[in-house]
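Chains, contacts and geometry: an overview
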Amino acid sequence: MGMTPLTPSARIDQLTLADDPESWGSLGFVVSDGTVQLGSVRVVLAGKGSGRGILGWSLRKVASVELDGLPTVVSDVPKAQTQMPAHANGITAIDHLVAMSPDLDRSVQALQAAGLDLRRIREQPTPAGAPRQAFFRLGEVILELVQEPEEILAARADGTDGPSRFWGLALLSDDLERTVQRLGEHCGEIRAAVQPGRRIATLKRSAGLAVPVALMSRANSGA
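Structural notes, computed from the coordinates. A quick note: this is a predicted structure, and the numbers were derived from the prediction, not measured.

A tally of helices and strands in the protein yields four helices and 13 strands. Its C-alpha atoms give the protein a radius of gyration of 18 Å, within 12% of the compact-globule value 17 Å for 223 residues. Counting only C-alpha atoms, the protein reaches 50 × 45 × 45 Å along its principal axes. The proportion of buried residues among the 223 residues of the protein is 48%. A separation threshold of at least 6 residues defines the contact pool for the protein, and within that pool the share at least 24 residues apart is 65%. Accessible area of the protein: about 11600 Å², with a carbon and sulfur share of 51%. Between the centroid of the 23 positive side chains of the protein and the centroid of its 25 negative side chains there is a distance of 5 Å.

Right, let's get into the pairing of strand E2 (residues 35-38). Burial along E2 is two-sided: Thr35 and Gln37 and Val36 and Leu38, pointing in opposite directions, are all buried. When E2 meets strand E3 (residues 41-45), the two strands line up antiparallel, connected through four bridges. Bridge pairing in E3 places Leu38 opposite Val41. Counted along the chain from E2 to the antiparallel partner E3, the turn is two residues long, and its residue Gly39 has a positive phi close to 65°.

This paragraph deals with the side chain of Ser217. Residue placement: Ser217 occurs in strand E13 (residues 213-217). Residue class for Ser217 comes out buried when judged on its relative accessible area of 8%. Reaching out from Ser217, the side chain makes a polar contact with the backbone nitrogen of Arg199 at a distance of 2.9 Å. Here Ser217 is in contact with Leu172, Ser173, Leu176, Arg198 and Arg199, once residues within four sequence places are set aside.

Every α-helix winds through 3.6 residues per turn, so residues three or four apart in the chain are directed the same way. Regarding helix H4 (residues 176-183), the residues found buried are Leu176, Thr179, Val180 and Leu183. One face of H4 carries all of its buried residues, which in axial projection span an arc of 95°. Taken together, the buried residues of H4 touch strand E6 (91-101), strand E10 (165-173), strand E12 (199-202) and E13. Gly184 sits one or two positions beyond H4 and adopts a positive phi of about 55°.

This part is about the packing of aromatic side chains. If you walk through the whole model with that rule in mind, you get two aromatic pairs. Taken together, a centroid distance of 4.8 Å and an interplanar angle of 50° make the contact between Trp24 and Phe29 tilted. Judged by relative accessible area, which is 0%, Trp24 ranks as buried. Residue Phe29 is classed as buried on the basis of its relative accessible area of 7%. Taken together, a centroid distance of 5.0 Å and an interplanar angle of 75° make the contact between Trp57 and Phe166 edge-to-face. Linking Trp57 in strand E4 (residues 54-60) with Phe166 in strand E10, this pair joins segments that are 109 residues apart in sequence. Both residues of the pair, Trp57 and Phe166, count as buried.

Criteria and cut-off values
Residues numbered from 1 in each chain as written. Predicted model: local features only at pLDDT ≥ 70, side-chain atom pairs only at ≥ 80, totals over all residues. Heavy atoms only, no water. Helix = DSSP H or I, 4+ residues; strand = E, 2+ residues; numbered from the N terminus. Rg over C-alpha atoms; globule rule 2.2 N^0.38 Å. Buried < 20%, exposed > 50% of the residue type's maximum accessible area, 1.4 Å probe, protein only. Contact = heavy atoms within 4.5 Å. Areas by Shrake-Rupley, 256 points an atom, 1.4 Å probe, with all protein chains shown as cover. Lys, Arg positive; Asp, Glu negative; His and termini not counted. Charge placed at Lys NZ, Arg CZ, Asp CG, Glu CD. Pairing = 2+ DSSP bridges. Polar contact = N/O pair within 3.5 Å; in protein donor to acceptor, adjacent residues only side chain to side chain. Arc of directions from axis to C-beta. Phe/Tyr/Trp six-rings, centres within 6.5 Å; stacked < 30°, edge-to-face > 60°.

Shape descriptors only; they carry no functional weight alone.
What follows is the structure, encoded as structure tokens:
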């Protein structure tokens, strides 16, 4: 009798950002006790004095917290049935989370060993200049792991030996036009996304958030 292959099931429970609750509230997010619920992920806003950018995440059903430098803890909090609030800006969830790696193959190996579900590796450069990308499925959220370009590596004292790091977020809107209209001057124009059948807009620095944030539409039917 053959063995049933292990199915990776790690997923994101919580993200912690070095951002102020007031900044998110002013952009139309429902903030409760310093947190924002985005789909199944709880975003904790620890304040801009707590560090820089994305401070870390907690994962469920992960085999290790050694994720090549990405600050990780295992979530052992019982999963609550949290009702998703209706954010005034129309955002409904996190589409994907972006991390950067100085050595993509090394990072992919570490993340797979921890139980993260690798879906594919893109070997072609992106329009933004990323030479390679790896995509992991973490529940409803995709982790997009990006190989740092040569010019960035050249500026790092530790070169390819340095750790991976979190970079930014892409949030999902059921009505991107409405979301962009709600955010007004803080949002760039809607354009075609790399993913076929999808569109994207980017929050400007004037939005006052601690991390780069993109806004994405859902895929068209059959896309």
